[in-house]
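Inside the fold
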Amino acid sequence: MRTVKAGLLGLGTVGGGVYKLLERQKEEMADKAGANVEIAGILVHNINKKREGVDAALLTDRWEDIIENEEIELVIEVMGGIEPARTLIREALLAGKSVVTANKDLLAVYGEELLAIAEEQKTDLLFEAAVAGGIPIMRPLRQCLAGNEITEVMGIVNGTTNYILTKMFEQGMSFEEALAKATELGYAEADPTADIEGLDAGRKVAIMASSAFHSRVVFDDVHVEGITKITAQDIKYAKEFDSVIKLVGIARNTGEGVEACVYPMLLSGEHPLASVRNSFNAVLVHGDAVDDVMFYGRGAGEFPTASAVMGDVIDVVRNIVCGCTGRITCTCYRDIPVKKFDDIRNKFFLRMRADDQPGVLASIASVFGAHKVSISKVVQKIVTDGTAELVIVTDAVKEYHMQNALEHLMCMKAVKEIGSVIREY
Ligand code: NAP
Ligand code: HSE
């Protein structure tokens, strides 16, 4: 029985999980993948760190030990970040080695470049773990659903923010309290900015949209907003409207181009994503043949993410054994423009305080009308000190019409505060 040798780049949360899963399945691997899989070297940053249960002889802090080992046919990159990961993956592919990576930061920017090298070299570059951790979504988009025209991919793809919003909604926790808990539980990154500002979800949306629509979407194409402005008051109103607030990544292939966005959205309690709680992730895909398909599970963590990496490893090993690596590389054969954010249409939920005087509501409504924003619902809430709180829900309107209306409203003397502006699905 043949043995495929692999180099592991990184032995942190995900790398540790991959190492343990490979150890756990050592005996079965030949039957499962058609060859034994042996880790022949592990690249780490700090060679002196104690690593329990790991053969110390495998550890190295020299890339040369991996790249110059001609017996290594597969490189598993789970170190993260752009550099040196980009250079190492390039060099591995150029040396004819196949690569499995979980690196969304890198793929959301340099996916095209790296896939082109893999294609040229007839090697595999697989990245199931880069989006939604343990949930199989990249292979379904690239292979299982390939017979569809996919028009929409919508998901909760960041566990930290979903955990925070769930705790704010269900337990009345403050944003800060819920973030501290998410950090304690290991969901949030050491620097949680990428999670709470929506950047992590934005990278995942770029990768999913590229595969779903067969056209390259990069991180810069994605309009990203985070959850830091969501308040207890917003949550209270969401409940009153039988809705929840979720950080949603949404990509659409419209007749006028691709839309790719991440922002908090009000979802009706009946929406399939509304019941995705805590750190769980889910992705809803709409295809012309299959209709709606939903994928649900753990989007991060040692073993869930290692599960996705292992699926790719087994695929690559099978391809190596069959001599057919490089079978599926870049699937972006179209060049669809990305729509300007200003032209994207959404419904909006707005909360504002205005003078409680005759004619104020009419003047607010006329500002919306003048900017082509059609109102579907107005609710007047508590009145204190001569100020009324208004909740306004609009029909679907273009972003720039809404932004112009908001700018205009903010200049009105009767408008005291625009508390929140949340899009509604
Ligand atoms: P991590 O715990 O920080 O581990 C990173 C590993 O890479 C460490 O072992 C570190 O070495 C090594 N490393 C970092 N920079 C290096 C360098 N310049 N040279 C050599 N080794 C280096 O990261 P992680 O959470 O496992 O994430 C790894 C990748 O998986 C990232 O791309 C991440 O986005 C992706 N991912 C993670 C999750 C998750 O749940 N954690 C989920 C999906 C995808 P030392 O051990 O010596 O410090
Ligand atoms: N910090 C990320 C999350 C980890 O919360 O989902 C996986 O990308």
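Now for a quick tour of the structure. Given the structure is predicted, the values throughout are model-derived calculations rather than measurements.

1. Concerning the packing of helix 5 (residues 104–121) against helix 10 (residues 199–213)
Two elements in contact, helix 5 and helix 10, have axes separated by 9 Å at closest approach and are oriented at 45 degrees. With respect to helix 10, the axis of helix 5 lies oblique. Once helix 5 is placed against helix 10, the crossing between them reads as left-handed. Here Lys104, Asp105, Leu107 and Ala108 of helix 5 lie close against helix 10, whose contacting residues are Asp200, Arg203, Lys204, Ala206 and Ile207. Here the contact of helix 5 with helix 10 is composed, by residue class, of 4 nonpolar, no polar and 5 charged.

2. Thoughts on the nonpolar core
A general trend in soluble globular proteins is that nonpolar side chains are found buried together. Core analysis: the largest hydrophobic core is formed by 91 residues, its most contacted members being Ile137, Leu141, Ile164, Met208 and Val285. Residues in contact with Met208, not counting those within four places in the same chain, are Val131, Ile137, Met138, Leu141, Val153, Val157 and Val283. Among the nonpolar cores identified, the runner-up in size contains 35 residues, and Val4, Ala35, Ile39 and Ile320 belong to it.

3. What to know about the packing of helix 4 (residues 85–94) against helix 5
Where helix 4 contacts helix 5, the axes come no closer than 9 Å and their chain directions differ by 10 degrees. In this view, helix 4 runs roughly parallel relative to helix 5, as classed from their interaxial angle. By crossing handedness, the relation of helix 4 to helix 5 is classed as right-handed. Facing helix 4, whose interface residues are Ala85, Arg86, Ile89, Arg90, Leu93 and Leu94, helix 5 presents Leu106, Tyr110, Glu113, Leu114, Ile117, Ala118 and Gln121. Tallied by class, residues from the contact of helix 4 with helix 5 come to 9 nonpolar, 1 polar and 3 charged.

4. Observations regarding the site of ligand 1
Surveying the vicinity of ligand 1 reveals 22 residues, the closest of which are Leu11, Val14, Asn46, Arg51 and Gly301. Thr13 is positioned with one of its backbone polar atoms (N or O) 3.0 Å from an oxygen atom of ligand 1. Take Val14: an N or O atom from its main chain is 2.8 Å from an oxygen atom of ligand 1. Here ligand 1 has 900 Å² of accessible area as a free molecule, and 76% of this is covered by the chains. Grouping the constituent residues of the shell around ligand 1 by class yields 10 nonpolar, 9 polar and 3 charged.

5. Notes on the site of ligand 2
Around ligand 2 sit Lys104, Asn158, Gly159, Thr160, Tyr187, Glu189, Asp195, Asp200, Lys204, Gly299 and Ala300, and that is every residue in its neighbourhood. Between ligand 2 and Asp195, the relevant distance is 2.8 Å, taken from a nitrogen atom to a side-chain nitrogen or oxygen of the residue. One nitrogen or oxygen atom from the side chain of Lys204 is found 2.8 Å from an oxygen atom belonging to ligand 2. Relative to its unbound accessible surface of 260 Å², ligand 2 loses 92% to contact with the protein. Put simply, the parts of the chain that give the shell around ligand 2 at least two residues each are helix 7 (159–171) and helix 10.

Rules used throughout
- Residues numbered from 1 in each chain as written.
- Chains lettered and ligands numbered in written order.
- Predicted model: local features only at pLDDT ≥ 70, side-chain atom pairs only at ≥ 80, totals over all residues.
- Heavy atoms only, no water.
- Axes fitted to C-alpha atoms, helices over the stretch in contact; angles between N-to-C directions.
- Helix = DSSP H or I, 4+ residues; strand = E, 2+ residues; numbered from the N terminus.
- Parallel < 35°, antiparallel > 145°, perpendicular 65-115°, else oblique.
- Left-handed = near helix turned anticlockwise from the far one by under 90°.
- Contact = heavy atoms within 4.5 Å.
- Nonpolar A, V, L, I, M, F, W, Y, C, P; charged D, E, K, R; others polar.
- Core = buried A, V, L, I, M, F, W, Y, C linked by side-chain atoms within 4.5 Å.
- Buried < 20%, exposed > 50% of the residue type's maximum accessible area, 1.4 Å probe, protein only.
- Near = heavy atom within 4 Å.
- Polar contact = N/O pair within 3.5 Å; in protein donor to acceptor, adjacent residues only side chain to side chain.
- Areas by Shrake-Rupley, 256 points an atom, 1.4 Å probe, with all protein chains shown as cover.

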